[in-house]
Amino acid sequence: MKHIAAYLLLQVGGNSSPSAADIKKVLGAVGIEADDERLDKLISELEGKSINELIAEGNSKLASVPSGGAVAASGSGGGPAPAATAEEAKEEKKEEEKEESDDDMGFGLFD
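Everything quoted here is computed from the prediction, not taken from an experiment. (Residues numbered from 1 in each chain as written. Predicted model: local features only at pLDDT ≥ 70, side-chain atom pairs only at ≥ 80, totals over all residues. Heavy atoms only, no water.)

**Q** Please clarify how the overall build of the chain should be interpreted in this entry.
**A** In terms of helices and strands, the chain carries six helices and zero strands. When the helices and strands of the chain are placed in sequence order, the string is α-α-α-α-α-α. For the chain, with 111 residues in total, the buried portion stands at 13%. Residue pairs in contact within the chain that sit at least 24 positions apart in sequence constitute 49% of those at least 6 positions apart. (Helix = DSSP H or I, 4+ residues; strand = E, 2+ residues; numbered from the N terminus. Buried < 20%, exposed > 50% of the residue type's maximum accessible area, 1.4 Å probe, protein only. Contact = heavy atoms within 4.5 Å.)

**Q** Before we go on, may I ask you to explain the packing of helix H2 (residues 20-29) against helix H3 (residues 36-46) in this structure?
**A** Each pair of packed helices can be described by the angle between their axes along with the distance between the axes. Relative to each other, H2 and H3 sit at 130°, their axes nearing to 10 Å. Here H2 is positioned oblique relative to H3, judged by the angle of their axes. Where H2 crosses over H3, the handedness of that crossing is right-handed. Here Ala20, Ile23 and Lys24 of H2 come into contact with H3, specifically with Asp36, Leu39, Leu42 and Ile43. Considered class by class, the residues forming the contact of H2 with H3 number five nonpolar, no polar and two charged. (Axes fitted to C-alpha atoms, helices over the stretch in contact; angles between N-to-C directions. Parallel < 35°, antiparallel > 145°, perpendicular 65-115°, else oblique. Left-handed = near helix turned anticlockwise from the far one by under 90°. Nonpolar A, V, L, I, M, F, W, Y, C, P; charged D, E, K, R; others polar.)

**Q** Is there a simple way to think about the nonpolar core in this case?
**A** Membership of the largest hydrophobic core is limited to 11 residues, which are Ala6, Tyr7, Leu10, Ile23, Leu27, Ala34, Leu39, Leu42, Ile43, Leu46 and Leu54. Within the residue set of this core, elements represented by two or more residues are helix H1 (2-12), H2 and H3. Per-element accounting of this core gives the leading share, four residues, to H3. (Core = buried A, V, L, I, M, F, W, Y, C linked by side-chain atoms within 4.5 Å.)

**Q** Mind showing me how you'd approach the confidence of the model for the chain here?
**A** Mean pLDDT over the chain: 76, with 62% of residues reaching 70 or higher. The least confident element of the chain is helix H5 (residues 69-76), whose mean pLDDT is 54; the most confident is H2, at 92. (pLDDT = per-residue confidence, 0-100.)

**Q** Honestly, the pattern of salt bridges in this entry has me stumped. Any pointers?
**A** If charged atoms from side chains of opposite charge come close, those side chains can pair. Tallied over the full model, the rule gives two salt bridges. Of the charged contacts, one joins Arg38 and Asp35 as a salt bridge, the two residues approaching to 3.7 Å between their closest N and O atoms. For Arg38, a relative accessible area of 58% puts it in the exposed group. On the accessibility criterion, Asp35 (34% relative accessible area) is partly exposed. (Salt bridge = Lys/Arg side-chain N within 4 Å of Asp/Glu carboxyl O.)

**Q** Looking at this structure, I do not really get the side chain of His3. What am I missing?
**A** Relative to the helices and strands, His3 resides in helix H1. With sequence-adjacent residues up to four places away left out, His3 is seen in contact with Ile23, Leu27, Ala34, Asp35, Arg38, Leu39 and Leu42.

**Q** I keep staring at the packing of H1 against H2 and nothing clicks. Help me out?
**A** It is the contact of H1 with H2, at a shortest axis distance of 9 Å, that shows an interaxial angle of 105°. Taken together, H1 and H2 sit at an angle that is classed as roughly perpendicular. Between H1 and H2, the residues in contact are Lys2, His3, Ala6, Tyr7, Leu9 and Leu10 and Asp22, Ile23, Val26 and Leu27, respectively. Of the residues that constitute the contact of H1 with H2, the class distribution is seven nonpolar, one polar and two charged.

Below, the structure is given as structure tokens:
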């Protein structure tokens, strides 16, 4: 991610074809050491492509990813939850009352 971020930053800054040295310089400015193997792979895969082409490719790949399925599944199970929380609240109140009654035992902690 750091290599891609530096590559895109350089392209936005006006460098239409950033080199490995350019990316190393950007990463070095913020104290990050570049991984030469990953950097070379990135440069070879992105050579000659613009930001707009990369974004269009990414959008087409994301369009095929299913989304929203988990939301529907979690929404259908919401019915019994409020009843359970009401019962838990009653139990908590009972426990609190028991704790309060322990205070009236006739002696204090430092007596």
